[in-house]
Each structure stands twice: as C-alpha cells, then as structure tokens.
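The primary structure of each chain is shown beneath.
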Amino acid sequence: MADAYIGQIMQVAFNFAPIDWAVAAGQMFNVSQNQALFSLIGGTFGGDGRATFQLPNLQSRVIIGAGQGPGLSNYAWGAHAGVERVALNQSNLPAHSHTAAFTPTGGGGGGGATVVQALSGVPVASLTTAPAAGSILANTAPIGGSQPKIYAPAGSSGTPVNLGGVSGGSGGITGGTVQIGNTGNNVPVETLPPYLALRTNICLTGLYPMQD
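Described below are features of the structure shown in this document.

Definitions and cut-offs
Residues numbered from 1 in each chain as written. Predicted model: local features only at pLDDT ≥ 70, side-chain atom pairs only at ≥ 80, totals over all residues. Heavy atoms only, no water. Helix = DSSP H or I, 4+ residues; strand = E, 2+ residues; numbered from the N terminus. Buried < 20%, exposed > 50% of the residue type's maximum accessible area, 1.4 Å probe, protein only. Contact = heavy atoms within 4.5 Å. Areas by Shrake-Rupley, 256 points an atom, 1.4 Å probe, with all protein chains shown as cover. Core = buried A, V, L, I, M, F, W, Y, C linked by side-chain atoms within 4.5 Å. Phe/Tyr/Trp six-rings, centres within 6.5 Å; stacked < 30°, edge-to-face > 60°. Polar contact = N/O pair within 3.5 Å; in protein donor to acceptor, adjacent residues only side chain to side chain. Pairing = 2+ DSSP bridges. Axes fitted to C-alpha atoms, helices over the stretch in contact; angles between N-to-C directions. Salt bridge = Lys/Arg side-chain N within 4 Å of Asp/Glu carboxyl O.

Moving on, we come to the overall build of the chain. For the chain, the count of helices and strands is 1 helix and 15 strands. Across the 212 residues in the chain, those meeting the buried criterion constitute 17%. Counting contacts in the chain only where the partners sit at least 6 residues apart, residues at least 24 apart contribute 68% of the total. As presented, the chain carries roughly 15,100 Å² of accessible surface, and 56% of it is formed by carbon and sulfur atoms.

What follows is the structure in structure tokens.
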C-alpha cells in the first residue's frame, strides 16, 4: 500500500486496517507521532491543533463532498452533523384540523319542556307554500300538489295542536365541554437511507500529496 497518499480514505470489505493504514475512528495522535499527516489535516477533525490531532471518525457516518453543489447546501471541509432519527414537533406537521365533539350541560330557565305547536283550522286560502315574516306553522293544508301549503300568515287564529315528538328545554343550553381527540405516539422518524457498512481506513504512511 506504499503507493497510497498520506491521508487517503479507503473503504474495504475486510474488517481490519492493513499495514500503514488505520481505521478512521477518531483516534487521537500526538503531532510527533505523524507530522506528515498532521501537516495535511491539522486539527480539522479534533485535537488541540498544536500538540495533538485526531483522525476523521467515520464510524456510523457517510461521506459527503465538501463545498456547495448547484442548488444545494454548503458543507465546509471537516464539518459533521446529522442524526439517525428525529422527533417531529408541531411546526413540522401539515396544516390540518381535528373533529371536535361538544357535550352540552345544563338547561337554562328551569321551566320544564316546551311543546312545539301548530295551528289547526286556519282557512286554506290564507296558507302559503313558503314562510314569510311572522308566519305560523299550520296543519290544515290539503294533501296534494307539488308543495303543500303549511304556513299561515302572522296573526292567524286557530286551534293549537301539539306536534308529536318535538319538544325542547325552555332555556336552552347553558354550558358544555368540547373534546378534541389526541392522536400520535411520539415515535421518532428514521432518517437513515438504505446502507451497507464497510470498514473505512485512512493512510498513515505513504506518498506525500503535492498540490498543483
């Protein structure tokens, strides 16, 4: 492996670092141990940058090219970030609504039930098919026609008739509670792409790379 450049990264299918190489696992070196490699990477990957320096730690990490591609984010040389899973919060959720269930409580006034009534005996000629201001519900219209006439003019006289099955509290609803159902289990979302783990090594001894 003497033809490799110092600091070169290589991934292999075997599970060890060959001679003159080391696993890229963030090991700490004294500068005096490898001045050539230190002159190339300095303290970019850790250490105090004077007496000590670290190798890149590529355990559980993927490599991304430094710089900024068209329309992409900028990544500085040696920068590292990212998590394997993330818990979403409210700002990450799509805008949406929930169904609310209203549970009424209490009736006002305390006057008991109010029976809804209609008038009987109103002259048929005065009835209309559509209500007007002050109209009264009447039940004297003959059956027939496309729309029965069931509305009597305001002030009509007749016999009140209770409408079976229709009643209500005299004072209406005075309160209640609204319940919105909760959902979700706060399970973190995986951000890992499909992966294959290989051993990643870095060259410690080899050719010193020269810039153009």
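Membership of the largest hydrophobic core comes to 13 residues, with the highest contact counts inside it found for Ala-22, Phe-29, Leu-37, Phe-53, Leu-55, Ile-202 and Leu-204. Among the elements that make up this core, the one with the highest residue count is helix α1 (residues 35-41) (3 residues). Non-local contacts of Ala-22, meaning those with residues more than four positions away in its chain, are made with Ala-17, Gln-27, Leu-55, Thr-200, Asn-201, Ile-202 and Leu-204.

The next thing to look at is the packing of aromatic side chains. Throughout the structure, instances matching the rule amount to 4 aromatic pairs. Relative to Phe-53, the ring of Phe-38 has its centre 5.5 Å away and its plane inclined at 50°; by these criteria the two rings are tilted. With a gap of 15 residues between them, Phe-38 in helix α1 and Phe-53 in strand β4 (residues 52-54) connect regions that are remote in the sequence. In this structure Phe-53 comes out as buried when scored by relative accessible area, which is 0%.

Attention now moves to the environment of Gln-54. Counting through the fold element by element, Gln-54 comes out in strand β4. Of the residues examined, Gln-54 reaches a relative accessible area of 21% and is grouped as partly exposed. Ignoring any residue separated from it by four or fewer positions in sequence, one finds Gln-54 in contact with Gly-26, Gln-27, Met-28, Ile-41, Phe-45, Gly-46 and Gly-47. A polar contact of 2.8 Å, which involves the side chain of Gln-54, links it to the backbone oxygen of Gly-26.

What follows deals with the sheet that holds strand β2 (residues 21-23). Read across the open sheet, the 3 strands follow the order β1-β15-β2; overall the sheet is antiparallel. Looking along the sheet, the strands with just one partner apiece sit at the ends: β1 (9-12) and β2. Pairwise comparison of adjacent strand axes, ignoring direction, gives a mean angle of 35° for this sheet. Here β1 pairs with strand β15 (residues 199-203) via 4 bridges, running antiparallel. Across the sheet, residue Met-10 finds its bridge partner in β15, namely Asn-201.

Looking now at unusual backbone geometry. Unlike most non-glycine residues, Asp-20 shows phi in positive territory, near 75°. By secondary structure assignment, the location of Asp-20 is in the loop between β1 and β2. Positive phi, normally seen in glycine, also occurs at Ser-60, with a value near 60°. The residue Ser-60 is located in the loop between β4 and β5 (67-68) in this model.

Here we come to the environment of Tyr-195. Here Tyr-195 is to be found in the loop between β14 (189-190) and β15. The exposure class of Tyr-195 is exposed, given its relative accessible area of 67%. For the pair Tyr-195 and Val-62, spaced 133 residues apart in sequence, the C-alpha separation works out to 9.2 Å.

A word on the pattern of salt bridges. Pairing is possible between side chains of opposite charge, provided their charged atoms come close. For the structure shown, the criterion picks out 3 salt bridges. A salt bridge links Arg-50 to Asp-48, with the shortest nitrogen-to-oxygen separation between them at 3.9 Å. On the basis of relative accessibility, which here comes to 38%, the residue Asp-48 falls in the partly exposed class. A salt bridge links Arg-85 to Glu-84; the shortest N-O distance between them is 3.7 Å. Residue Arg-85 is classed as partly exposed on the basis of its relative accessible area, which comes to 40%. Put simply, Glu-84, Arg-85 and Glu-190 are held in one network by salt bridges that share partners.

The quantities given are spatial measurements derived from coordinates; they are silent on function.
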